[in-house]
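Architecture at a glance
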Amino acid sequence: MASPGSDLEDAREWTKDQWRSALLSRRRRLPASARFAEAIQLTTLLTSGKVVRRGQTLCAYVPIGSEPGSVQMLDEVAAHGVRVLLPIVAGQGPLDWAWFAGQESLRPGPYGLLEPIGERLGAAALRIADMVLVPALGVDRAGVRLGRGAGYYDRTLVIAAPGTPLVAVVRDDETVDRLPREPHDVLMTAALTPERGLIQLP
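Reference entry: report on the structure contained in this document. Throughout, a residue's number is its position along its own chain's written sequence, starting from 1. Only residues with pLDDT of at least 70 are given local features in this predicted model, and only at 80 or more are side-chain atom pairs given and counted; all residues enter the totals for whole chains, interfaces and linings. The basis for every side-chain value is the complete set of non-hydrogen atoms in the structure, without hydrogens or water.

Before going further, it helps to examine the overall build of the chain. Helix and strand counts for the chain come out as four helices and twelve strands. The globule rule puts the C-alpha radius of gyration for 202 residues at 17 Å, and the 16 Å found for the chain is close to it. Along the three orthogonal principal directions, the C-alpha set of the chain runs to about 45 × 35 × 30 Å. Burial status follows relative accessibility: with a 1.4 Å probe on protein chains alone, a residue under 20% of its type maximum counts as buried, one over 50% as exposed, and anything between as partly exposed. A buried classification covers 50% of the 202 residues belonging to the chain. Taking contacts inside the chain between residues at least 6 apart in sequence as the whole, the part at least 24 apart equals 66%. When the accessible surface of the chain is split by element, carbon and sulfur atoms take 53% of a total near 9500 Å². Put simply, DSSP H or I for four residues or longer makes a helix, DSSP E for two residues or longer makes a strand, and each gets a number counted from the N terminus. For this measure, only C-alpha atoms enter the radius of gyration; the expected value for a globule follows 2.2 Å times N^0.38, where N is the number of residues. It only takes one pair of heavy atoms within 4.5 Å for two residues to be counted as in contact. Here the Shrake-Rupley method, with its probe set to 1.4 Å, supplies the accessible areas, and only the displayed protein chains count as covering residues.

A few words now on the sheet that holds strand β12 (residues 197–200). Following DSSP output, two strands are said to pair if at least two bridges run between them. Taken together, seven strands build an open sheet; the order of strands is β3-β2-β1-β6-β9-β11-β12 and the sheet is mixed. Looking at the sheet topology across the chains shown, the edges are occupied by β3 (96–99) and β12. Taken over all neighbouring pairs, the strand axes of this sheet differ in orientation by 30° on average, direction set aside. Bridge count between strand β1 (residues 57–59) and strand β6 (residues 131–135): two bridges; the pairing is parallel. Paired with L58 across the strands is M131, a residue of β6. Convention adopted: a line fitted to C-alpha atoms gives each axis, helices being fitted over their contacting stretch, and angles between N-to-C directions are expressed from 0 to 180 degrees.

Below, the discussion takes up the nonpolar core. In this description, a nonpolar core means a group of buried Ala, Val, Leu, Ile, Met, Phe, Trp, Tyr and Cys residues linked to one another through side-chain atoms lying within 4.5 Å. Membership of the largest hydrophobic core comes to 47 residues, with the highest contact counts inside it found for L46, L58, L86, V132, L133, L157 and M188. When contributions to this core are tallied by element, the ones reaching two or more residues are α2 (32–46), β1, α3 (71–79), β2 (83–88), β6, α4 (152–157), β9 (166–169) and β11 (190–193). Not counting chain neighbours up to four residues away, the residues in contact with L58 comprise V52, V77, V82, R83, V84, L85, M131 and L133. Formed by ten residues, the second largest nonpolar core is a distinct cluster that contains W14, L137, V176 and L179.

Once that is clear, we can look at the pairing of β9. Taking every second residue as pointing to the same face, both faces of β9 are buried, with L166 and A168 on one and V167 and V169 on the other. Relative to β9, β6 runs parallel, the two sharing four bridges. Its bridge partner lying in β9, L133 is registered against V167. As paired elements, β9 and β11 share three bridges and run parallel to each other.

Another point: the packing of aromatic side chains. A pair of Phe, Tyr and Trp rings is counted when the ring centres sit within 6.5 Å of each other, with Trp represented by its six-membered ring. The angle between the planes then sorts it: under 30 degrees is stacked, over 60 is edge-to-face, the rest tilted. Per the counting criterion, the structure on display carries two aromatic pairs. Residues W14 and W19 carry aromatic rings whose centres are separated by 5.4 Å and whose planes lie at 75° to one another, so their mutual orientation is edge-to-face. Assessed through its relative accessible area of 19%, W14 is described here as buried. When its relative accessible area of 1% is taken as the criterion, W19 is described as buried. Taking the centre distance of 5.9 Å and the plane angle of 65° together, the rings of Y111 and Y152 count as edge-to-face. With Y111 in the loop between β4 (106–108) and β5 (114–116) and Y152 in helix α4, this residue pair connects regions lying 41 residues apart in the sequence.

Structure follows, in structure tokens:
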């Protein structure tokens, strides 16, 4: 794991909100050219057959803002024979899911998200996933994930079938030594970064 950068050198005693502020600030400073290159790297990884394979079901999400990846990445993954489920915000409960059927099948949802317009399959659809990609601002050595604070994924991931890989998608410098953990936090089993690929977590 990377050690916190110079802008995070006093982070050991930080709260989750302080971590969020610092990591979001770092993301906003990343130039568009770097984000584009990262999206290509992630696409290459996800279509290589080494992370997820043809015929498998991948629960993913549409990256927004400065999140790593792109909607084009999802098109490429689906074109390689991977079935892609995308989340739908349903009240304050666990996320609902529907199949991804291309960019034209997306519509604006809450929090600036893009959601599929297809049939809703219910929260339990997560149990058919062979892998779940989880948006994250950071992840630590123990698998503690830092999200944006709404709690949707913590309420959702407990539904996943035992042994399902839960993979935080982050930039390479967003893997850190230690993040604050709360009792409801669901641990990640791996991280996916543009440069280092799939990193297994204990």
